[in-house]
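Listed here are the chains, written in short residue letters.
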Amino acid sequence: MSYNPFESAQAQFDKVAEMMNLEPDARALLREPMKEYHFSIPVKMDDGSTKVFKGYRVNHNYARGPAKGGIRFHPHETADTVRALSTWMTWKCAVADLPLGGGKGGVVCDPRTMSLGEQERMCRGYIRQGFAAFGALVDVPAPDVMSNPQHMLWMLDEYETLARAHYPGAITGKPVGAGGSLGRTEATGYGGIYVLKDLMDAEGIKFEDTRASIQGFGNVGEYAARLYTEYGGKVITISTYDLGDKTSYTFRKKDGCNIEELVSIKDKFGTIDKAKAKDLGYEILPGDVWIAEDVEILIPAALESQITPATFPQISKNVKIICELANGPTTPDCDPLIQEKGIMVLPDFLANAGGVTVSYFEQVQGNMNYFWSREEAIEKLHYSMSKAFKGVYELSKEKNLYMRDAAYIIAIDKVYKAVKQRGWC
Ligand code: GLU
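The text that follows walks through the structure, step by step, so that each part is easy to find. (Residues numbered from 1 in each chain as written. Predicted model: local features only at pLDDT ≥ 70, side-chain atom pairs only at ≥ 80, totals over all residues. Heavy atoms only, no water.)

Regarding the overall build of the protein
Now for step 1: Each helix and strand counted, the protein has 14 helices and 13 strands in total.
Now for step 2: For 425 residues, the compact-globule formula gives about 22 Å, and the C-alpha radius of gyration of the protein, at 20 Å, lands near that figure.
Now for step 3: Reported as C-alpha extents along the three principal axes, the dimensions of the protein are approximately 55 × 55 × 45 Å.
Now for step 4: The contacts in the protein between residues at least 6 apart in sequence include a share of 72% that link residues at least 24 apart.
Now for step 5: For the protein, the exposed surface amounts to about 16800 Å²; the carbon and sulfur share of it is 51%.
Now for step 6: Mean positive and mean negative side-chain charge positions of the protein (49 and 55 charges, respectively) differ by 2 Å. (Helix = DSSP H or I, 4+ residues; strand = E, 2+ residues; numbered from the N terminus. Rg over C-alpha atoms; globule rule 2.2 N^0.38 Å. Contact = heavy atoms within 4.5 Å. Areas by Shrake-Rupley, 256 points an atom, 1.4 Å probe, with all protein chains shown as cover. Lys, Arg positive; Asp, Glu negative; His and termini not counted. Charge placed at Lys NZ, Arg CZ, Asp CG, Glu CD.)

Focus on the site of the ligand
Now for step 1: For the ligand, the set of nearby residues contains 14 residues, the closest of which are Lys 68, Lys 92, Lys 104, Asp 144 and Ser 359.
Now for step 2: A distance of 3.0 Å separates an oxygen atom of the ligand from a polar atom in the side chain of Arg 184.
Now for step 3: Protein contact buries 94% of the 290 Å² of open area that the ligand shows by itself.
Now for step 4: Take the shell around the ligand: its biggest share by element is three residues, from helix α12 (residues 354-368).
Now for step 5: Along the lines of polarity and charge, the residues of the shell around the ligand split into four nonpolar, five polar and five charged. (Near = heavy atom within 4 Å. Polar contact = N/O pair within 3.5 Å; in protein donor to acceptor, adjacent residues only side chain to side chain. Nonpolar A, V, L, I, M, F, W, Y, C, P; charged D, E, K, R; others polar.)

Side note on the layout of surface pockets
Think of a ball as big as a water molecule: rolled over the atoms, this probe shows where empty space is left.
Now for step 1: Approximately 240 Å³ is the volume found for the second largest pocket.
Now for step 2: Contributing to the lining of the second largest pocket are 14 residues, with Met 344, Lys 397, Leu 401, Tyr 402 and Met 403 lying nearest its centre.
Now for step 3: Counting only elements with at least two residues in the lining of the second largest pocket, the list comes to α10 (335-340), β13 (344-346) and α13 (374-398).
Now for step 4: The biggest single contributor to the lining of the second largest pocket is α13, with three residues.
Now for step 5: Tallied by class, the residues present in the lining of the second largest pocket amount to eight nonpolar, four polar and two charged. (1 Å grid on protein atoms, 1.4 Å probe; cavity = no way out; pocket = protein on both sides within 12 Å on 5 of 7 lines; lining within 4 Å. Points joined across faces, edges and corners; volume = space filled by probe spheres on them.)

Focus on the packing of aromatic side chains
Now for step 1: Here the structure, examined in full by the defined rule, presents 15 aromatic pairs.
Now for step 2: Every member of this aromatic cluster is reached through a ring pair, and the members are Phe 13, Trp 91, Phe 349 and Tyr 408.
Now for step 3: When the ring centre of Tyr 223 is taken as origin, the NZ or CZ atom of Arg 226, which lies over that ring, is 4.9 Å away.
Now for step 4: In this structure, Lys 380 is placed above the aromatic ring of Trp 372, and the distance from its NZ or CZ to the ring centre is 4.5 Å. (Phe/Tyr/Trp six-rings, centres within 6.5 Å; stacked < 30°, edge-to-face > 60°. Lys NZ or Arg CZ within 6 Å of the ring centre and 35° of its normal.)

Details of the pairing of strand β9 (residues 247-252)
Now for step 1: Relative to β9, strand β8 (residues 234-242) runs antiparallel, the two sharing six bridges. Directly across from Tyr 241, in β9, lies its bridge partner Ser 248.
Now for step 2: Between β8 and β9, which pair antiparallel and follow one another directly, the connecting turn spans four residues, one of which, Lys 246, has a positive phi of 50°. (Pairing = 2+ DSSP bridges.)

Considering unusual backbone geometry
Now for step 1: With phi around 65°, Met 146 is a residue other than glycine that occupies positive phi space.
Now for step 2: Looking at the element boundaries, Met 146 is found in the loop between β6 (139-140) and α5 (149-163).
Now for step 3: The backbone of Ser 305 sits at a positive phi, close to 55°, despite the residue not being glycine.
Now for step 4: Within the secondary structure, Ser 305 sits in the loop between β11 (297-300) and β12 (321-323).

Quick word on α5
Now for step 1: Given a rise of 1.5 Å per residue, 15 residues ought to cover 21 Å, and the 20 Å separating the end C-alpha atoms of α5 matches this to within 8%.
Now for step 2: Turning to α5, its buried residues are His 151, Met 152, Trp 154, Met 155, Leu 156, Glu 158, Tyr 159 and Glu 160.
Now for step 3: Taken together, the buried residues of α5 touch β4 (71-73) and α4 (116-130).
Now for step 4: With its phi angle positive at about 60°, Arg 164 sits one or two positions after the end of α5. (Expected span 1.5 Å × (residues − 1). Buried < 20%, exposed > 50% of the residue type's maximum accessible area, 1.4 Å probe, protein only.)

Re the pattern of salt bridges
Now for step 1: Enumeration according to the criterion identifies 42 salt bridges in this entry.
Now for step 2: Residue Arg 27 pairs with Glu 18 through a salt bridge whose shortest N-O separation is 2.8 Å.
Now for step 3: Residue Arg 31 is joined to Glu 32 by a salt bridge in which the shortest nitrogen-to-oxygen separation is 3.8 Å.
Now for step 4: Here the salt bridges do not stand alone but share partners, grouping Glu 120, Arg 124, Arg 128, Asp 157 and Glu 158 into one network. (Salt bridge = Lys/Arg side-chain N within 4 Å of Asp/Glu carboxyl O.)

Notes on the side chain of Lys 68
Now for step 1: On the secondary structure map, Lys 68 appears in strand β3 (residues 67-68).
Now for step 2: Salt bridges are absent for the buried Lys 68, whose nearest opposite-charge side chain, Asp 139, sits at 7.2 Å.
Now for step 3: Looking at Lys 68, its side chain comes within polar contact range of the side chain of Thr 172, at 2.9 Å.

As for the sheet that holds β9
Now for step 1: In spatial order, the strands read β10-β9-β8-β7-β11-β12-β13; together these seven strands make up an open sheet with mixed pairing. The open sheet terminates on both sides in strands that have one partner only, identified here as β10 (283-286) and β13. Within this sheet the neighbouring strands show an average axis-to-axis angle of 20°, counted without direction.
Now for step 2: Bridge count between strand β7 (residues 211-215) and β11: four bridges; the pairing is parallel. By the bridge assignment, Ala 212 is partnered in β11 with Ile 297. (Axes fitted to C-alpha atoms, helices over the stretch in contact; angles between N-to-C directions.)

Quick word on the environment of Ala 351
Now for step 1: You can see Ala 351 is positioned in helix α11 (residues 348-351).
Now for step 2: Once the C-alpha coordinates of Ala 351 and Thr 188 are considered, the two residues, 163 residues apart in sequence, prove to be 8.1 Å apart.
Now for step 3: With sequence-adjacent residues up to four places away left out, Ala 351 is seen in contact with Thr 188, Gly 191, Gly 192, Val 195, Cys 323, Glu 324, Leu 325, Leu 346 and Met 385.

Below you can see the structure in the form of structure tokens.
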């Protein structure tokens, strides 16, 4: 069965809107994106040919502030994945209490197969075609799957050239020293492990007594693995995509992966060198077995629609917590199965809100033109994530709710109040 992520995002919203008894006008407004741009980006390739890439930018809702969210580069990007991702950004910014709305962009491409020059021309082309959509007070892009700080700086440079001034708040996730914030790189992974720690503390679970299996070893998976291990947990398996073989593999070490060692043999897209991993004593298994590992914590940190009724039966009976660091890794038809088994879920738009939180800090610092130390950025991130977690956890306990539903109630209520106050419904 294949899933349409936008239908999943709408199903999640509809379920909670019903629980909240939300008025029909507000439902109609909040279940659809408010603005959407589609553009064609002609790019001169190194061989002299011109390739036309398809680009999207969607603003789901901007009642609480400028739309905010990453730009994803992926060969399977569709308008509906971008619509879903922009919707989740609205709820993410609201649950984290950032004065921002939800947006997302995408380009149908595979940067892993493009030269740096081709990538630069594609980034600049994206901004040239989408210029009318963007602005520090309108809609602010950032990195996402397969896009990085260098891509953001090329985009900002193109934007500022067209706008004829410096606008540091127009794009976040820039390199440190070029307007970026210290702590942004590790923010999503760290933020997820901060809320995992809060949940484990609240439930009396010790890191030393847990093992984890992680899907994805890009920026998010890497920093999550690092902090989880630092806190005393053992990562048993990491599954990641292999660019050469165009397939995924799971790397396993039963007595615990050495994260620094694996980082030293991976490339910037997360492909781990199999020969070197083998020499270091890792088992190399099919990509999808990460989900079946006998662990207490599952951390999906790759793409959407991974935990479904079809894959759920493989999950070990020892799993206590699913910490969703990807966007939309669990399909709505799987939530009842997870609930039935009593597995706790740290929902994606809470657990992975660390990235956009430090993006917001980057805007604040850029506006002041005064940059914080890494410690200050990380401390503020930790405070903000724990505050968001506390709100969700307390509501879930008080009303005996699944944590995803509790997070949705908090987020939808905030956005609902903003649209209502503005007179949009
Ligand atoms: N792409 C990240 C996300 O999905 C970060 C967005 C941002 O920093 O604006 O949350």
